[in-house]
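# A closer look at the structure
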Amino acid sequence: ILVDSLRGSSTFFIMVLYIHRLHCGYRSGSATEQLTQRIGGDVANQVAGQVAGQVWQAGKQSAHRVFSTYGNIDFLRPYFDVEPWQVRRRLFWSLIPQRPTGEPQPMETELYGPLMLVFTLVAILVYGMKSTEHVVQEGTLMGTAIGISFLYYLGTASLFFLFGYLVNAQISLVQMLSLTGYGLFGPCVTLFVAIVIPTETDTMFYSVWLVLCGLSALRMASVVVSRTYTRNQAMLFSAAIIVMHLLFVLYLHFSYAHLYQAASMPFSPGRVVPQPMAPSIQHRVHETLHPSSKALLHSKIAARLHGGPSTVATLQEMHKAALRAKS
């Protein structure tokens, strides 16, 4: 190996000459030792340089190969090559469950629509947290919303893919990511309606939740059932998807949108709303009472405004009492 690496260089001929002189008996003591040291040092430096150069070239080629594979946009282009009308059509069909017919239902392999729905969910959660004055102990509202949205999206898609692999479902990871992402269309609409249109009770939320989120969950379940060939395993798989999908929406609603409803209802039950004071009654009270009694009257009116009956009835009653006292 050493001879092959040194062939064609001057060091190779120096070594041959040195071996020939040793064979012929021409050794001169200290001169021979100096020649040996010089030749050994040259060989060691040359070998070290060649090894370092080979290591550098190998690392450079590996890094270039990795960058060419994952840094090339053409590698991701097929997953985002979609038209807007196709996205609208897939959003509509994400709420239309299909009855299994024994044939595998078609599944999409694009990720543009799912990612846009995840970012839409992030925006809805940020709006809900700002409306409820939600306090984050560590981090920011945007970071919390991004973490929750992407954790659910990537976590549940990976979990469903693993479960499908165990039950021998014919679903790839990209198909499961696309199916889970389009399944967020129903939850996004439900949470947006619950935040923007608050009500005294949660009746409207539960109605929209059952309709939209239930349809999206059934759509996901129908697809996985059509691609799972064992009936018992298919039913178990679909039940897990439906339960996790519906419970996630309930968690988001009661964590980030429910307090906003209570704070946004100025006429909620049990809250006393002061009625405006009648100008004519106020003028008559001020003309009838002595100036020293006006301060006491104002304090009583203020006390009644916070927990008493109607303000107009209170003023009328006090006006009659004042007239009787004056007479």
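Everything below is about the structure shown above.
Since the model is a prediction, treat every value here as computed from it, not as a measurement.

### Remarks on the overall build of the chain
Helix and strand counts for the chain come out as 15 helices and zero strands. Per-residue burial over the chain gives 32% buried out of 327 residues. Carbon together with sulfur atoms contributes 64% to the accessible area of the chain, which is approximately 20600 Å² in total.

### A few points about the packing of aromatic side chains
Using the criterion set out here, one finds eight aromatic pairs in the structure. Measuring from centroid to centroid gives 5.5 Å for F119 and F150, while their planes differ by 70 degrees, and the two rings are edge-to-face. Within this pair, whereas F119 is found in helix 6 (residues 112-131), its partner F150 is found in helix 7 (residues 141-166), the two being separated by 31 residues in sequence. What makes F119 partly exposed here is its relative accessible area of 43%. Ring centres of F163 and F237 lie 5.0 Å apart, and the angle between their planes is 40 degrees; this geometry places the pair in the tilted category. Residue F163 is found in helix 7, and its partner F237 is found in helix 11 (residues 231-256); the two are separated by 74 residues along the sequence. Residue class for F163 comes out partly exposed when judged on its relative accessible area of 26%. Taken together, F205, Y206, W209 and F254 form an aromatic cluster joined through their ring pairs.

### Focus: the nonpolar core
Counting residues in hydrophobic clusters, the biggest one holds 45 residues, and the most contacted among them are M176, F237 and L252. Contributing elements (two or more residues each) for this core: helix 5 (84-93), helix 6, helix 7, helix 8 (173-182), helix 9 (185-196), helix 10 (203-226) and helix 11.

### Regarding the packing of helix 7 against helix 8
At a closest axis distance of 9 Å, the pairing of helix 7 and helix 8 adopts a crossing angle of 130 degrees. In terms of axis orientation, helix 7 runs oblique to helix 8. The two elements helix 7 and helix 8 meet at a crossing, and its hand is right-handed. Across the interface between the two elements, Y153, L154, T156, A157, F160 and F161 from helix 7 touch L173, M176, L177, T180 and G181 from helix 8.

### Observations regarding a nonpolar patch on the surface
A surface patch of nonpolar side chains, amounting to about 550 Å² of accessible area, comprises F75, L76, F80, Y112, M116 and F119. Looking at the nonpolar patch element by element, the count peaks at three residues for helix 6. Within the secondary structure, F80 sits in helix 4 (residues 77-80).

What counts, and at which threshold
Residues numbered from 1 in each chain as written. Predicted model: local features only at pLDDT ≥ 70, side-chain atom pairs only at ≥ 80, totals over all residues. Heavy atoms only, no water. Helix = DSSP H or I, 4+ residues; strand = E, 2+ residues; numbered from the N terminus. Buried < 20%, exposed > 50% of the residue type's maximum accessible area, 1.4 Å probe, protein only. Areas by Shrake-Rupley, 256 points an atom, 1.4 Å probe, with all protein chains shown as cover. Phe/Tyr/Trp six-rings, centres within 6.5 Å; stacked < 30°, edge-to-face > 60°. Core = buried A, V, L, I, M, F, W, Y, C linked by side-chain atoms within 4.5 Å. Axes fitted to C-alpha atoms, helices over the stretch in contact; angles between N-to-C directions. Parallel < 35°, antiparallel > 145°, perpendicular 65-115°, else oblique. Left-handed = near helix turned anticlockwise from the far one by under 90°. Contact = heavy atoms within 4.5 Å. Patch = residues over 30% accessible without salt bridge, like charges linked within 9 Å, V, L, I, M, F, W, Y side chains within 5 Å. Salt bridge = Lys/Arg side-chain N within 4 Å of Asp/Glu carboxyl O.

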